[in-house]
Structure formats: C-alpha cells, structure tokens
Amino acid sequence: MNKEAGSKNLMDKIVSLAKRRGFIYPGSEIYGGLAGTWDYGPLGVELKNNIKKEWWKRFVQGRDDVFGVDTAILMNAKVWEASGHLKNFVDPMVDCRKCKARFRADKIDVSKGCPECGIKDFTPPRSFNMMFKTFVGPVEDTASETYLRPETAQGMFINFKNVIDSMHPKLPFGIAQIGKAFRNEITPGNFIFRTREFEQMEIEYFVKASDWKKYFEEWLKEMHNWAESIGISKIYDREVPDEERAHYSERTVDLDFDFPFGKEELYGIAYRTDFDLKSHAEKSGVDILYYDEETKERFIPRVIEPTFGVDRTFLAALVNSYAEEDGGKRVVLKLPPKISPIKAAVFPLLANKENLVTKARRVYDSLKDSMVHDSGFIVAWDDRGNIGKRYYAQDEIGTPWCVTIDFQTLEDDTVTVRDRDTAKQERISVQELIQYFSERLK
Ligand code: ATP
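Since the model is a prediction, treat every value here as computed from it, not as a measurement.

Chemist: It is not clear to me how the packing of aromatic side chains should be interpreted in this structure. Could you clarify?
Modeler: Where two aromatic rings form a pair, the distance of their centres and the angle of their planes describe that pair. For the coordinates displayed, the defined rule picks out 30 aromatic pairs. Here F157 and F206 contribute two aromatic rings whose centre-to-centre distance is 6.2 Å and whose plane-to-plane angle is 75°, an arrangement assigned as edge-to-face. Residue F157 is located in helix α5 (residues 153-157), and its partner F206 is located in strand β10 (residues 197-207); the two are separated by 49 residues in the primary sequence. Both residues of the pair, F157 and F206, belong to the buried class. Between Y436 and F437 the ring centres are 5.6 Å apart and the planes differ by 80°, which places this aromatic pair in the edge-to-face class. What links up through ring pairs into an aromatic cluster is the set W55, W56, F59, Y205, Y215, W219, W226, Y267 and F308. In this structure, R58 packs its charged tip against the face of F59, placed 5.9 Å from the ring centre. Geometry around Y248 places R272 over its ring, the cationic atom sitting 3.5 Å from the centre.

Rendered as structure tokens:
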C-alpha cells in the first residue's frame, strides 16, 4: 500500500471508529449534516473533557502566575474593530469556474489548476472575512450587529484591567481560558481538523518588553512538554514567515503534527507585542496600564500567546494511539490512562451465573463510589458476549484496565486485572483495587 493510500485508510478507520463507538458523530446528521460541524458522543465528551481538565490543571491550577477566566462568546462589536479582525481576519478565496469548487487560494497551487477537476480557470482571489455575523436583540439592525468570537483571546485582553484590579498580579503573569471559537472556514475538512465551530485553550502571558524572547522560548518548551504528557509525539516546530503571520504577530512558531493527511498545525505560539491592549486602550478610552510598584512606571505589557486547539489535540491523540494487532483483528487505542474516557471495565466471567454477577456488581459499585466522584475515574459494566470479545471492545475505546470476577473471586476475594497494552493479567485482591488504579493514574 502506498503511503497516501495508507494514510487515507487510517483517517477512514479513525472516523469510522469514532462514530461506531460513540466518540464523534457528524453534525446535524439526520438532516443531511452541516458542513464543518461535528458532535461529540458519550465517549468523545469524556476524552475531550479529560484533555481540557489536564490542560487546566497544568497551566492554571498548577501555577501561581496564571489566572483562569471564562468570558462571553458574544462581545461588543467594537472589540473586533479594535482587534483588527473586522479588517484583517480574511482568507483569500478562489472558485473554479468549471466545477464550481471553492478553495483557499493560499492552500492550493493555483498555477497547477483545480485540485478537483484539473482545469485552470479560477475566479480572481477575493477576500473573505471568516467571522460569523449575528444580531443581538430582536431587531436586525446594524446597531445590534456583532460576531461570534473567532478566537478566545480577545475576551482575555478586554478583561486585562479587571484581572489586575481584582487579583493584583505582578509581571510576568498570564490569563487563560478554554472555550468555543467560530470561523466560517472556506474549506473545512479532514474530520475535526478544520471545523467551523471548535474549542481553543489559550494563554495570554504578559511580560516586560525586554523579556519577551526569553518567555517565548520557555512557553515553546512548555507546549512540547504538555503534548508529551498526553502522549502526543512527532511534533515539528515551524517558524512562520513574515507574509504568513497574523496581523498582530511579530513572531509565530507553529507546532505541526504528523497527521495522516500531512504535517499540519496542531498548536501555535505568537508574540502579539502590545498590539491588542494598545488598540483596546485607544478604542475604549479606558486606561489599560500596568503599574510597576518597583520602578513606579505605568506601561502596557507585551504578550506571548501559546494557543492550543482542543479538537486538534483530540485528533492527534487518536492518530497517535491507534494501533492494530493480531493481523488487524484487534484495534487498540493506546491512550495515556489519564485521558482515556473509561478507566476500568468490570465483567462477571459468565453473565448467567447469578453469584458471579452479584459479586461483580458489588465490585463495580464500590469502584464507582470511591473513584468516580473524586477523580472522574469512569467505570464501565459489560456482561455481553464472551470475555475475549469484551476485552477487544474495551481495547478499541482505549480502556486501560479490565477487571474480571471469576469463580476464584468467590473463594478468595481476588479478581484479575488485565492490562490493555501488555494484555497480561494480574490477580489483585478486591480491597487493593482502588490503590492499584490510583497509583497507575498518577
Ligand atoms: P490554520 O492555519 O490551520 O487555519 P490558524 O493559524 O488560523 O490555523 P490560529 O488562529 O493560530 O490558527 O488558532 C489557534 C489554534 O486553534 C490552532 O493552532 C488550532 O489548534 C485551532 N484551530 C484554528 N482553526 C481551527 C479550525 N478551523 N478547526 C479546528 N481547530 C482550529
């Protein structure tokens, strides 16, 4: 199989597994879909929440210098004038006159003709603003026009003054948030890689002008450490050239991941200078200055922005963890246990033996009681089919441990714990199960 066919194959398998096992469904599917939207199912929402939880723990709760916020998606339209998005958040769009396919002019080689039909007959490139316009209030007049946010960043810039007035941080410090962003992408595609509604995890890290280079490098390293911590490898830094950089950035590095469809941006880090705060100060007329108690100076700090797409993290985690064994019969998602949607599955060896089922239910309930509420440790129950099938079904969704209650359990209160990655089984006493899992999740 050539590489391209193999990669397509891998994406197809991931998309199909995601739908079949309740990770991700096509958006508005019963009405024929809505391009560029996807819905997360019962297992998908757990995996996605685990990614967000890990990120929040690491970058907000685990640090003294980063403050979390959760700002409104709808903001005063003046935000987007000041941020430059109204004028600059545009992509060049071309249409093929022959087959009517539409492309981003910067993502295809126009000189080679249409990627769909091969004909070289494009409309001239037109600028297309990617923000979704909407109306606030019942009357659709221009006074109440605004936009769904295309990035979470602006919610943090417009609250800069609130955060310094209420939390009194000293530079360097950051504001972080996780939330939805919306972009009317010209060509959404590659599953959840490029969608019109997605989630971002962003940090605006404010520094003194003289320090920006140092903190840029530090955050770049932090981003790699984060990816590694959730099992994502094969990330390549790409210095973004002047002509490709966003209007606010003086330096950008993209962290590209080896997706099956090519090396593409997973995350980005940008030096946004004082562009945003300065524009908001000018436009709003509000004094947005930081006061340095040591030097008695007032100034607008500079900002480093590490930005992480939640959905692209999700996709990279699936791609990285997908494995086939046993000649393709066994599919395993080798997700790090801390982000696996389900941590342990509990089975009675035989579903028709009442004493086994009763005992297994007791083990299941006790695990649920002691783990789920505190740590989001999710336990599943399965008594369908034979034990081998149940193992395979759990492997496919990345469950790291399967606990089986068998006849020996009734005698000595031990169970088997089967490890997803080694397929080895250990006998553990029921009393020690909680400790066993807690240690392995650390
Ligand atoms: P691209 O070049 O792929 O369009 P971008 O450079 O416009 O991306 P940023 O503005 O830097 O992306 O957005 C920050 C992060 O948000 C990206 O690194 C990515 O993880 C995520 N992201 C951006 N656009 C989308 C999208 N349409 N769908 C899913 N995630 C996205």
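Chemist: Quick question: what am I supposed to make of the domain arrangement of the chain here?
Modeler: Often the size quoted for an interface is simply the accessible area lost on bringing the parts together. Structurally, the chain comprises domain 1 (3-76 + 148-319) and domain 2 (342-441). A C-alpha centroid distance of 37 Å is found between domain 1 and domain 2. Counting residues at the interface gives eight residues for domain 1, matched by eight residues for domain 2. When domain 1 packs against domain 2, the two sides together hide about 600 Å² of surface, and 49% of this comes from carbon and sulfur. Contact with domain 2 buries area across many residues of domain 1, yet R21, L43 and E46 alone supply 55% of it, more than any other trio. In this assembly, domain 1 and domain 2 are joined by two salt bridges. Here R20 makes a salt bridge to E396, at a shortest N to O gap of 3.0 Å. There are three residue pairs in polar contact (both at pLDDT 80 or more) connecting domain 1 and domain 2. Here the element with the most residues in the side of domain 1 that touches domain 2 is helix α2 (residues 42-61); it accounts for four residues. Residues that form the side of domain 1 that touches domain 2 fall into these classes: three nonpolar, one polar and four charged.

Rules and cut-offs
Residues numbered from 1 in each chain as written. Predicted model: local features only at pLDDT ≥ 70, side-chain atom pairs only at ≥ 80, totals over all residues. Heavy atoms only, no water. Phe/Tyr/Trp six-rings, centres within 6.5 Å; stacked < 30°, edge-to-face > 60°. Helix = DSSP H or I, 4+ residues; strand = E, 2+ residues; numbered from the N terminus. Buried < 20%, exposed > 50% of the residue type's maximum accessible area, 1.4 Å probe, protein only. Lys NZ or Arg CZ within 6 Å of the ring centre and 35° of its normal. Domains from an automatic or database assignment. Contact = heavy atoms within 4.5 Å. Buried area = accessible area lost by both parts, 1.4 Å probe. Salt bridge = Lys/Arg side-chain N within 4 Å of Asp/Glu carboxyl O. Polar contact = N/O pair within 3.5 Å; in protein donor to acceptor, adjacent residues only side chain to side chain. Nonpolar A, V, L, I, M, F, W, Y, C, P; charged D, E, K, R; others polar.

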